[in-house]
Amino acid sequence: GEVPVEARSAYTLLRLFKIVFQSVSLFPENEAVLRSYLQTLVAKCLKFATQVEIPGNYFYLMLRLFRSIAGGKFEHSYKELLPLLPTILNSLHRVYVSTNDAKMRASIVEISLAIPARLSSLYPHLPLLSLFIVSALQCTNGDIVNLGLRTLEF
């Protein structure tokens with residue numbers, strides 16, 4: 001059958017965002033432009049993810065965004081996301097406990113452990129973060145288990 005227009009549009013938008021996010025690694029000056037949209041992007045992804053039946057695309061977008069600015073190179077972006085940490089973690093936790101879909105839960109765990117933030121910024125949220133770490137260690141996906149182990153090392 002033919003792919004619906006909405007699915008094609010979503011795929012195209014996700015590819016465009018992926019290219020923009022990858023450009024930050026290749027051209028660090030792009031980080032300053034992206035930074036001005038970080039809070040809006042994350043807030044909208046969280047909002048829409050809780051309003052749709054299948055939020056996978058919004059979670060994928062957040063994961064790609066977080067990965068693009070992770071690694072400690074973009075301190076200003078870390079600071080831009082800092083005020084949203086409680087909202088991000090609490091929203092992800094709400095979705096995590098409200099679903100029985102193992103794939104969705106694994107995605108949420110991966111996103112929560114990929115949030116670009118300094119460890120000192122995460123300390124106040126350690127009780128919530130520990131739930132995601134334990135879930136990562138119990139996951140069948142080796143990459144997510146490794147992410148949980150890396151988080152524990154910090």
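Given the structure is predicted, the values throughout are model-derived calculations rather than measurements.

The rules behind the values
- Residues numbered from 1 in each chain as written.
- Predicted model: local features only at pLDDT ≥ 70, side-chain atom pairs only at ≥ 80, totals over all residues.
- Heavy atoms only, no water.
- Helix = DSSP H or I, 4+ residues; strand = E, 2+ residues; numbered from the N terminus.
- Rg over C-alpha atoms; globule rule 2.2 N^0.38 Å.
- Buried < 20%, exposed > 50% of the residue type's maximum accessible area, 1.4 Å probe, protein only.
- Contact = heavy atoms within 4.5 Å.
- Areas by Shrake-Rupley, 256 points an atom, 1.4 Å probe, with all protein chains shown as cover.
- Core = buried A, V, L, I, M, F, W, Y, C linked by side-chain atoms within 4.5 Å.
- Expected span 1.5 Å × (residues − 1).
- Axes fitted to C-alpha atoms, helices over the stretch in contact; angles between N-to-C directions.
- Left-handed = near helix turned anticlockwise from the far one by under 90°.

Student: Would you mind going over the overall build of the protein chain with me for this structure?
Tutor: The secondary structure content of the protein chain amounts to 10 helices and zero strands. Taken from the N to the C terminus, the helices and strands of the protein chain come in the order α-α-α-α-α-α-α-α-α-α. The C-alpha radius of gyration computed for the protein chain amounts to 15 Å, which stays within 12% of the reference 15 Å derived for 154 residues, consistent with globular compactness. In terms of overall dimensions, the protein chain has a C-alpha envelope of 45 × 40 × 25 Å along the principal axes. Within the span of the protein chain, comprising 154 residues, buried residues form 38% of the whole. Sequence-distant contacts, at least 24 apart, represent 64% of the contacts inside the protein chain between residues at least 6 apart. Summed over its atoms, the accessible surface of the protein chain is roughly 9,200 Å², and 58% of this surface lies on carbon and sulfur atoms.

Student: Just checking my understanding: could you explain the nonpolar core for this structure?
Tutor: In summary, soluble globular proteins display a tendency toward joint burial of nonpolar side chains. The biggest cluster of nonpolar side chains holds 42 residues, and the ones touching the most others in it are V42, F66, I88 and F132. At the level of elements, α1 (5-26), α3 (38-49), α4 (56-69), α6 (85-98), α7 (102-114), α9 (126-137) and α10 (142-153) are the ones that each hand at least two residues to this core. Apart from residues no more than four positions distant in its own chain, I88 is found in contact with V42, L46, M62, F66 and I115.

Student: Please clarify how α4 should be interpreted in this entry.
Tutor: Side chains that are three or four residues apart share a direction in an α-helix, a result of its 3.6 residues per turn. The end-to-end C-alpha distance of α4 is 20 Å, a good match for the 20 Å that 14 residues give at a rise of 1.5 Å each. What α4 keeps buried is the set F59, L61, M62, L63, L65, F66, S68 and I69. If you follow the buried residues of α4, they end up packed against α1, α2 (30-35), α3, α5 (75-81), α6 and α7.

Student: Help me out: how do you make sense of the packing of α7 against α10 in this one?
Tutor: Each pair of packed helices can be described by the angle between their axes along with the distance between the axes. Axis separation between α7 and α10 bottoms out at 10 Å; the angle between their running directions is 30 degrees. Between α7 and α10 lies a crossing whose hand is left-handed. Note on element contacts: α10 touches α7 through I144, L147, G148 and T151, opposite A106, V109, E110, L113 and A114.

Student: In this structure, what is going on with the environment of P83? I would like to understand it.
Tutor: Looking at where P83 falls in the secondary structure, it is placed in the loop between α5 and α6. For the pair P83 and G148, spaced 65 residues apart in sequence, the C-alpha separation works out to 23 Å.

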